[in-house]
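# Summary of the model geometry
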Amino acid sequence: MGRPRTNDEAVKERLVACATEMLATGSRESVTVRAVAAAAGASTTAVYSLFGGKDGLIGAVRDRAVAGLFQDLSAVPTSEDPLADLYALAIAYRLWGCGHSHLYTVLFGRTQSFDPSGAVGTRDPIRPLIAAIDRAVTGSVLAGEATSIALSLWVTLHGLVTLELSEALDTLTAEAAFRSAIHAALRGWATPAVFRSLRQAELGP
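Residues numbered from 1 in each chain as written. Predicted model: local features only at pLDDT ≥ 70, side-chain atom pairs only at ≥ 80, totals over all residues. Heavy atoms only, no water.

What follows covers the pattern of salt bridges. Within the structure shown, the criterion is met by five salt bridges. Close ionic contact of Asp 85 with Arg 135 constitutes a salt bridge, the shortest N to O distance being 2.5 Å. Placement of Asp 85 in helix α5 (residues 82-99) and of Arg 135 in helix α7 (residues 127-138) is noted, with a sequence separation of 50 residues between them. The salt bridge partner of Arg 94 is Glu 164, with a shortest N-O separation of 2.9 Å. With Arg 94 in helix α5 and Glu 164 in helix α8 (residues 146-165), the pair connects residues that are 70 residues apart, well separated along the chain. A relative accessible area of 11% places Arg 94 in the buried class. The structure contains a network of salt bridges with shared partners spanning Arg 94, Glu 164, Glu 175 and Arg 179. (Salt bridge = Lys/Arg side-chain N within 4 Å of Asp/Glu carboxyl O. Helix = DSSP H or I, 4+ residues; strand = E, 2+ residues; numbered from the N terminus. Buried < 20%, exposed > 50% of the residue type's maximum accessible area, 1.4 Å probe, protein only.)

Below, the structure written as structure tokens:
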């Protein structure tokens with residue numbers, strides 16, 4: 001009989017989960033192969049055989065965060081109303097961030113670098129947002145450069161989600177702030193005609 005496989009998917013999952021929590025609650029320097037292995041009930045050998053070492057393990061955590069956010073944003077259906085689609089994407093972003101707080105902190109927190117002005121890859125979480133913005137600009141709904149619009153929306157979203165995760169806002173306040181801030185951000189990039197219609201609809205008769 002062959003030797004039993006000890007560094008299996010279950011061990012890999014535990015290592016990624018433990019590394020995620022440690023990265024989200026501490027510094028990158030505090031995450032050592034020995035500490036993660038001990039927390040996961042695994043050997044240090046498992047970290048090297050499964051990930052090649054600390055950097056590979058941290059890369060796996062980031063890859064999981066990127067893939068999860070991309071999957072949820074890509075699942076948002078496309079409609080004939082690009083503004084409604086952008087709002088739906090904002091909702092999906094918030095839900096993912098609040099539902100995966102450790103992964104969110106790793107992806108956008110102090111433990112990892114993030115270049116919002118970098119090239120957009122095929123599985124980059126910002127791609128669905130850029131696509132919706134492109135449709136809005138083409139349809140004369142929004143006016144501006146797509147990356148600039150995306151960055152301003154992301155800054156707004158990130159601020160809201162970060163405050164919500166830190167419990168600086170209660171549930172009702174967070175919900176109201178989300179609605180008003182995202183609508184205001186979208187209005188700010190709207191073409192003059194669309195801006196007037198949005199303001200009129202908001203203010204009522």
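The residue Ser 140 is not glycine, and still its phi comes out positive at about 60°. Take Ser 140: it is sitting in the loop between α7 and α8. Here Ser 140 falls in the partly exposed class, since its relative accessible area comes to 49%. In this structure, Glu 167 is a non-glycine residue whose phi angle is positive, near 60°. Assignment of secondary structure puts Glu 167 in the loop between α8 and α9 (171-188).

Of all hydrophobic cores here, the largest spans 58 residues; its most connected members are Leu 15, Leu 86 and Tyr 93. Excluding anything up to four places from it in sequence, Leu 15 contacts Val 36, Ala 37, Ala 40, Ala 42, Ala 46, Val 47, Leu 50, Phe 51 and Leu 57. (Core = buried A, V, L, I, M, F, W, Y, C linked by side-chain atoms within 4.5 Å. Contact = heavy atoms within 4.5 Å.)

Another aspect to go through is the packing of aromatic side chains. Within this structure, the stated rule accounts for three aromatic pairs. Centroid distance Tyr 93 to Tyr 104: 5.8 Å. Interplanar angle 90°. Geometry classified as edge-to-face. In this pair, Tyr 93 sits in helix α5 while Tyr 104 sits in helix α6 (residues 101-108), placing the two residues 11 residues apart along the sequence. The exposure classification of Tyr 93 matches that of Tyr 104, with both residues buried. Residues Trp 96 and Tyr 104 carry aromatic rings whose centres are separated by 6.5 Å and whose planes lie at 55° to one another, so their mutual orientation is tilted. Accessibility classification places Trp 96 together with Tyr 104 in one group, the buried group. Each member of the aromatic cluster is reached from another via a ring pair, and the members are Tyr 93, Trp 96 and Tyr 104. Positioned above the aromatic ring of Phe 178, the side-chain terminus of Arg 94 is 5.1 Å from the ring centre. (Phe/Tyr/Trp six-rings, centres within 6.5 Å; stacked < 30°, edge-to-face > 60°. Lys NZ or Arg CZ within 6 Å of the ring centre and 35° of its normal.)

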